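Take a look at the letters that make up each chain.
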Amino acid sequence: MANPKIYAVSGDAIDRLRQENVIREAIGELSMVEIGEGAMVRLDKHELTVKAASGTGHTAKLVAATLPAGATVTWTSSATGKATVSNGTVTGVAAGNTIVKAAITVGGVTYFDICNVTVE
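The structure displayed is predicted, hence computed values, not measured ones.

### Overview of the sheet that holds strand 7 (residues 89-92)
Moving on, step 1. One open sheet accounts for three strands, arranged 3-7-6; its pairing is antiparallel. A single partner strand is all that each edge strand has here, and the edge strands are strand 3 (59-61) and strand 6 (83-86). This sheet shows a mean twist of 20° between the axes of neighbouring strands, independent of strand direction.
Moving on, step 2. Sheet topology note: the strand 3/strand 7 ladder contains three bridges and is antiparallel. Along strand 7, the bridge assignment pairs Thr59 with Thr91.

Set out below in C-alpha coordinates:
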(Lines give C-alpha, C1' and ligand atoms only; values in the text may rest on other atoms or scores of the structure.)
Protein backbone atom coordinates (compact mmCIF):
# COMPACT_ATOMS: atom_id res chain seq x y z
CA MET A 1 0.00 0.00 0.00
CA ALA A 2 1.51 3.33 -1.08
CA ASN A 3 -0.06 5.43 1.69
CA PRO A 4 -1.20 3.46 4.77
CA LYS A 5 -2.50 6.56 6.60
CA ILE A 6 -6.16 6.74 7.61
CA TYR A 7 -7.95 10.08 7.85
CA ALA A 8 -11.17 10.82 9.72
CA VAL A 9 -13.56 13.39 8.25
CA SER A 10 -16.65 14.73 10.02
CA GLY A 11 -20.09 14.81 8.38
CA ASP A 12 -19.99 18.61 8.07
CA ALA A 13 -16.59 18.45 6.39
CA ILE A 14 -17.83 15.81 3.96
CA ASP A 15 -20.82 18.00 3.03
CA ARG A 16 -18.52 21.00 2.40
CA LEU A 17 -16.14 18.87 0.34
CA ARG A 18 -19.00 17.52 -1.76
CA GLN A 19 -20.29 21.04 -2.39
CA GLU A 20 -16.85 22.39 -3.24
CA ASN A 21 -16.16 19.43 -5.55
CA VAL A 22 -19.48 19.96 -7.37
CA ILE A 23 -18.51 23.59 -7.93
CA ARG A 24 -14.96 22.74 -8.97
CA GLU A 25 -16.21 20.00 -11.31
CA ALA A 26 -18.68 22.43 -12.91
CA ILE A 27 -15.90 24.90 -13.71
CA GLY A 28 -13.39 22.24 -14.75
CA GLU A 29 -11.03 22.52 -11.78
CA LEU A 30 -11.65 19.21 -10.03
CA SER A 31 -8.45 17.43 -9.12
CA MET A 32 -7.17 15.14 -6.38
CA VAL A 33 -6.34 16.95 -3.17
CA GLU A 34 -3.63 15.55 -0.92
CA ILE A 35 -4.37 15.79 2.78
CA GLY A 36 -1.26 17.00 4.56
CA GLU A 37 -0.21 16.65 8.15
CA GLY A 38 -0.15 19.52 10.59
CA ALA A 39 -1.90 22.19 8.51
CA MET A 40 -5.50 23.37 8.23
CA VAL A 41 -7.80 26.36 8.05
CA ARG A 42 -11.26 26.37 9.63
CA LEU A 43 -13.90 29.09 9.40
CA ASP A 44 -16.18 29.90 12.33
CA LYS A 45 -19.23 29.98 10.00
CA HIS A 46 -20.13 28.07 6.85
CA GLU A 47 -23.39 29.91 6.08
CA LEU A 48 -23.75 33.68 6.24
CA THR A 49 -26.37 36.24 5.20
CA VAL A 50 -25.65 39.94 4.67
CA LYS A 51 -27.66 42.81 3.24
CA ALA A 52 -26.90 44.40 -0.13
CA ALA A 53 -25.70 48.01 -0.33
CA SER A 54 -25.20 50.00 2.88
CA GLY A 55 -26.88 49.99 6.28
CA THR A 56 -27.34 47.60 9.17
CA GLY A 57 -26.28 44.05 8.35
CA HIS A 58 -24.29 45.18 5.31
CA THR A 59 -21.12 43.52 6.63
CA ALA A 60 -20.30 40.44 8.68
CA LYS A 61 -17.04 39.04 10.03
CA LEU A 62 -15.64 35.58 9.39
CA VAL A 63 -12.85 34.27 11.60
CA ALA A 64 -10.35 31.70 10.34
CA ALA A 65 -8.49 29.44 12.76
CA THR A 66 -5.25 28.14 11.23
CA LEU A 67 -2.70 25.47 11.88
CA PRO A 68 0.04 26.49 12.07
CA ALA A 69 -1.35 29.27 14.25
CA GLY A 70 -0.93 32.72 12.73
CA ALA A 71 -0.61 31.51 9.13
CA THR A 72 -1.38 34.21 6.57
CA VAL A 73 -4.93 33.80 5.28
CA THR A 74 -5.86 34.73 1.72
CA TRP A 75 -9.54 35.66 1.37
CA THR A 76 -11.49 35.44 -1.91
CA SER A 77 -15.09 35.75 -3.08
CA SER A 78 -16.27 33.71 -6.05
CA ALA A 79 -18.63 36.53 -7.12
CA THR A 80 -17.33 39.96 -6.13
CA GLY A 81 -20.37 41.53 -7.80
CA LYS A 82 -22.45 39.93 -5.02
CA ALA A 83 -20.12 40.26 -2.00
CA THR A 84 -16.50 41.18 -1.37
CA VAL A 85 -14.22 40.03 1.43
CA SER A 86 -11.22 41.69 3.04
CA ASN A 87 -9.45 40.28 6.09
CA GLY A 88 -12.55 38.18 6.84
CA THR A 89 -15.03 41.08 6.61
CA VAL A 90 -17.73 40.18 4.09
CA THR A 91 -19.49 43.15 2.48
CA GLY A 92 -22.78 42.75 0.62
CA VAL A 93 -22.85 44.37 -2.83
CA ALA A 94 -25.93 43.04 -4.65
CA ALA A 95 -28.57 40.35 -4.07
CA GLY A 96 -27.40 36.84 -4.88
CA ASN A 97 -24.93 34.21 -3.69
CA THR A 98 -21.19 33.78 -3.50
CA ILE A 99 -18.68 31.50 -1.87
CA VAL A 100 -16.05 33.07 0.35
CA LYS A 101 -12.85 31.05 0.63
CA ALA A 102 -10.16 31.34 3.31
CA ALA A 103 -6.90 29.72 2.21
CA ILE A 104 -3.42 29.18 3.58
CA THR A 105 -0.38 27.68 1.88
CA VAL A 106 1.97 25.48 3.89
CA GLY A 107 4.87 23.62 2.31
CA GLY A 108 3.58 24.41 -1.17
CA VAL A 109 0.15 22.90 -0.45
CA THR A 110 -2.95 25.11 -0.23
CA TYR A 111 -5.56 24.37 2.45
CA PHE A 112 -8.93 26.10 2.52
CA ASP A 113 -12.39 26.30 4.02
CA ILE A 114 -15.48 27.94 2.51
CA CYS A 115 -18.54 29.86 3.58
CA ASN A 116 -21.72 30.10 1.50
CA VAL A 117 -22.85 33.75 1.51
CA THR A 118 -26.33 34.93 0.67
CA VAL A 119 -26.79 38.64 -0.06
CA GLU A 120 -30.34 39.89 0.40
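### Re the confidence of the model for the chain
Moving on, step 1. Residues of the chain with pLDDT of at least 70 account for 69%, and the chain-wide mean is 80.
Moving on, step 2. Of the regions scoring below 50 in pLDDT, residues 3-7 engages in two contacts with residues more than four places distant in sequence or in other chains.

### Quick word on the side chain of Ser77
Moving on, step 1. Within the element layout of this structure, Ser77 appears in strand 5 (residues 74-77).
Moving on, step 2. Relative accessible area serves as the criterion here: at 14%, Ser77 is assigned to the buried category.
Moving on, step 3. For Ser77, the side chain forms a polar contact with the main-chain oxygen of Ala83, separated by 2.7 Å.
Moving on, step 4. In contact with Ser77, not counting residues within four places along its chain, are Ala83, Thr84, Val85, Thr98, Ile99 and Val100.

### Regarding unusual backbone geometry
Note on backbone geometry: most residues besides glycine have negative phi, and most peptide bonds are trans.
Moving on, step 1. Of note, the bond from Leu67 into Pro68 is cis; its omega dihedral lies within 30 degrees of zero at 5°.
Moving on, step 2. In this fold, Pro68 is placed in the loop between strand 4 (64-67) and strand 5.
Moving on, step 3. A positive phi angle is found at Asn87, which is not glycine, with a value near 50°.
Moving on, step 4. Its location among the elements puts Asn87 in the loop between strand 6 and strand 7.
Moving on, step 5. The exposed category is assigned to Asn87, whose relative accessible area is 59%.

### A few points about the side chain of His46
Moving on, step 1. Structurally, the position occupied by His46 is in the loop between strand 1 (40-43) and strand 2 (47-50).
Moving on, step 2. Note on His46: relative accessible area 18%, which makes it buried.
Moving on, step 3. A distance of 2.8 Å separates a polar atom in the side chain of His46 from a polar atom in the side chain of Asp113.

About the criteria used
Along each chain, residue indices are assigned from 1 in the same order as the chain's sequence is written. This being a predicted model, a pLDDT of at least 70 is required before a residue's local features are given, and a value of 80 or more before pairs of side-chain atoms are given or counted; all residues contribute to the totals for chains, interfaces and linings. Side-chain measures were taken over the full set of non-hydrogen atoms in the model, leaving aside hydrogen atoms and water. Note: two strands are recorded as paired if DSSP finds a minimum of 2 bridges between them. Labels follow the DSSP assignment, with helices taken as runs of H or I lasting at least four residues and strands as runs of E lasting at least two, numbered in each case from the N terminus. For helices, the fitted line uses only the C-alpha atoms of the stretch in contact; every axis is such a line through C-alpha atoms, and the angle between N-to-C directions lies from 0 to 180 degrees. Values of pLDDT, which run from 0 to 100, indicate the predictor's confidence residue by residue. Every residue pair with non-hydrogen atoms within 4.5 Å of one another is taken to be in contact. Exposure is judged per residue with a 1.4 Å probe applied to protein chains only, and the accessible area is read against the type maximum: over 50% gives exposed, under 20% gives buried, and values in between give partly exposed. Pairing of N or O atoms within 3.5 Å defines a polar contact, subject to two protein rules: one partner must be a possible hydrogen donor and the other a possible acceptor, and residues neighboring in sequence count only if both atoms are side-chain atoms.

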